Amino acid sequence: MLEEIQQPIAAELERYKALFRTALHSDNELLSAALSHLTRKLGKMMRPTLVILCAREGGRVTDEVLHAAAGMEMLHTASLVHDDVVDESMMRRGQRSVNALFDNKAAVLVGDFITSMALSQVALTRHLDIVDRMAHLGQMLADGELLQLNITHSSAFSEQAYYDVIARKTAVLFETCAFAGATLGGADADTVQRLQRFAHLVGLCFQMRDDIFDFDENLNVGKPKGNDLQEGKLTLPVIYALNTQPSEDHYRHLALRVRALEASRLEIQELVDFTIQSGGIAYAEGEMQRLAEEARTLLRDLRDPAIAHALDLYLDFVIQRTA
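Quick summary incoming for the structure in this document. (Residues numbered from 1 in each chain as written. Predicted model: local features only at pLDDT ≥ 70, side-chain atom pairs only at ≥ 80, totals over all residues. Heavy atoms only, no water.)

## Let's talk about the packing of aromatic side chains
Under the convention used in this document: Two rings from Phe, Tyr or Trp (for Trp, the six-membered ring) form a pair when their centres are within 6.5 Å of each other. A pair whose planes differ by under 30 degrees is stacked, one over 60 is edge-to-face, and the rest are tilted. In this description a helix means any DSSP run of H or I spanning at least four residues, a strand means any run of E spanning at least two, and both kinds are numbered starting from the N terminus. Residue exposure (1.4 Å probe, protein chains only): buried if accessible area is under 20% of the type maximum, exposed if over 50%, otherwise partly exposed. For a lysine, the NZ atom is tested; for an arginine, the CZ atom; a charge sits over a ring if that atom is within 6 Å of the ring centre and within 35 degrees of the ring normal.
Considering all chains together, one arrives at 5 aromatic pairs under this definition. Consider the rings of Tyr 16 and Phe 20, whose centres lie 5.7 Å apart with planes at 40 degrees: the pair is tilted. You can see Tyr 16 and its partner Phe 20 sitting in helix 2 (residues 10–23), 4 residues apart, about one turn around the helix. Ring geometry for Tyr 162 versus Tyr 163: centroids 5.5 Å apart, planes at 70 degrees, classification edge-to-face. A residue is classified by how much of its surface remains accessible, and Tyr 162, at 6% relative accessible area, is buried. What makes Tyr 163 buried here is its relative accessible area of 16%. The side chain of Arg 47 reaches across the aromatic face of Phe 206, ending 5.2 Å from its centre. Positioned above the aromatic ring of Phe 206, the side-chain terminus of Arg 321 is 3.8 Å from the ring centre.

See the structure below:
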């Protein structure tokens, strides 16, 4: 499916890959090793693909669009490097994280370097609105992480708080990608707004799918089952289970132990089993489908039918992926 999604922009993606690898380099030996480790696999290129597809809907894919795509992917990469330090994660996308390969000090500095390179790429768009949105994006990503940390001290299990976190941590990046691509591609204001909303909903679905992965050890997602719980994160499936079983004080107490990082592996497994048995996974799947249907309505009446189809497949890929 991914090949079909990217087929309309295959040539532009090749130009993007060359630009990305050329831009993200250093003569510093340690930094070069870290960057090579990070760029060895360019992955699915979900965010650059979104930037370029939205630019094509606007009518043109210029060098400025490719610089924006590279900047968005670099900022995303930097945020993952920093996240792994905060979460003390040893694995990322099926390979060792930068902090595991080197150490926390080096990882923080590598993340800082990539952030500065991201800003340089976005500056090359020569578009002040894009630079401004990039700065806002960085603030929102940090705000989301801090909001998530603050929630670990709460005794409430709020769906709204969950959505606030994933809107800041994940959806805002997709939304900014759509804004940058559509704006630089020359789309009108209504189309820019429509694509932004579509991308925001896609971002929510993306994170919800990731959170559902945490309950299936058979999926190849590069992290063990229950990993979010081991890091003290209570996601939508757990929150639903806790709120629909109010008499289960034992599990609410257990969830608070998880948040405080005091729960044993056996206790975490107990909470995973409780979540599944209480319908938490099915509920999260239903919510994701609801958001996806809203997103699809925003693709009606786009200028380019081929791009509308690619974006529809893009949404399908996000909600159906198994890795």
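## Side note on the packing of helix 4 (residues 46–58) against helix 16 (residues 305–320)
To keep things clear, this is the line we draw: Axes here mean lines fitted to C-alpha atoms, for a helix over just the part in contact, with angles spanning 0 to 180 degrees between N-to-C directions. With respect to orientation, any angle under 35 degrees is reported as roughly parallel, any angle over 145 as roughly antiparallel, any angle of 65 to 115 as roughly perpendicular, and every other angle as oblique. Here is the rule for handedness: rotate from the far helix to the near one, and if that takes an anticlockwise turn smaller than a right angle the crossing is left-handed, while a clockwise turn gives right-handed. Contact definition: two residues touch when any of their heavy atoms are within 4.5 Å. Residue classes follow a fixed rule: Ala, Val, Leu, Ile, Met, Phe, Trp, Tyr, Cys and Pro count as nonpolar, while Asp, Glu, Lys and Arg count as charged, and any other residue, Gly among them, counts as polar.
Look at helix 4 against helix 16: their axes get within 10 Å of each other, and the N-to-C directions meet at 160 degrees. Between helix 4 and helix 16, the crossing angle belongs to the class labelled roughly antiparallel. Helix 4 and helix 16 meet at a crossing whose hand is left-handed. Across from Met 46, Arg 47, Thr 49, Leu 50, Leu 53, Arg 56 and Glu 57 in helix 4, the residues of helix 16 making contact are Ile 307, Ala 310, Leu 311, Tyr 314, Phe 317 and Val 318. Within the contact of helix 4 with helix 16, the residues separate by chemical class into 9 nonpolar, 1 polar and 3 charged.

## Digging into helix 15 (residues 280–297)
Inclusion rule: What a helix is expected to span follows from its residue count: subtract one and scale by 1.5 Å.
A rise of 1.5 Å per residue sets the reference length of helix 15, with its 18 residues, at 26 Å; its end C-alpha atoms lie 27 Å apart and thus fit the reference within 8%. Burial in helix 15 covers these residues: Gly 280, Ile 281, Ala 284, Glu 287, Met 288, Leu 291, Ala 292, Ala 295 and Arg 296. Contacts made by the buried residues of helix 15 are with helix 9 (159–185), helix 10 (189–213), helix 12 (236–244), helix 14 (265–277) and helix 16.

## Focus on the nonpolar core
Using the following cut-off: Among buried residues, the Ala, Val, Leu, Ile, Met, Phe, Trp, Tyr and Cys ones that are joined through side-chain atoms within 4.5 Å form a nonpolar core.
Core analysis: the largest hydrophobic core is formed by 107 residues, its most contacted members being Tyr 16, Met 74, Leu 234, Leu 271, Leu 311 and Tyr 314. Here the element with the most residues in this core is helix 9; it accounts for 14 residues. Among residues more than four places away in sequence, those in contact with Leu 234 are Phe 157, Tyr 162, Leu 229, Ile 239, Ala 255, Val 258, Arg 259 and Leu 271.

## Points about helix 7 (residues 104–123)
Here is the rule: Within this analysis, the arc is defined by the directions that extend from the helix axis to the C-beta atoms. What qualifies as a polar contact is a pair of N or O atoms within 3.5 Å, subject to a donor-acceptor requirement within protein and to the restriction that residues adjacent in sequence count only when both atoms come from side chains.
Its 20 residues place the ends of helix 7 29 Å apart at the C-alpha level, agreeing with the 28 Å of an ideal helix rising 1.5 Å per residue. Of the positions making up helix 7, those classed as buried are Ala 106, Ala 107, Val 110, Gly 111, Ile 114, Met 117, Ala 118, Gln 121 and Val 122. Down the axis of helix 7, the buried side of the element spans an arc of 145 degrees, and every buried residue falls inside it. The outward face of helix 7, more than 90 degrees from its buried face, is lined by the exposed residues Lys 105 and Leu 109. Summarising the contacts, the buried residues of helix 7 are in contact with helix 2, helix 3 (29–39), helix 5 (63–87), helix 6 (98–101) and helix 8 (128–151). Of the residues flanking the start of helix 7, the one acting as N-cap is Asp 103, its side-chain oxygen 3.2 Å from the backbone nitrogen of Lys 105.

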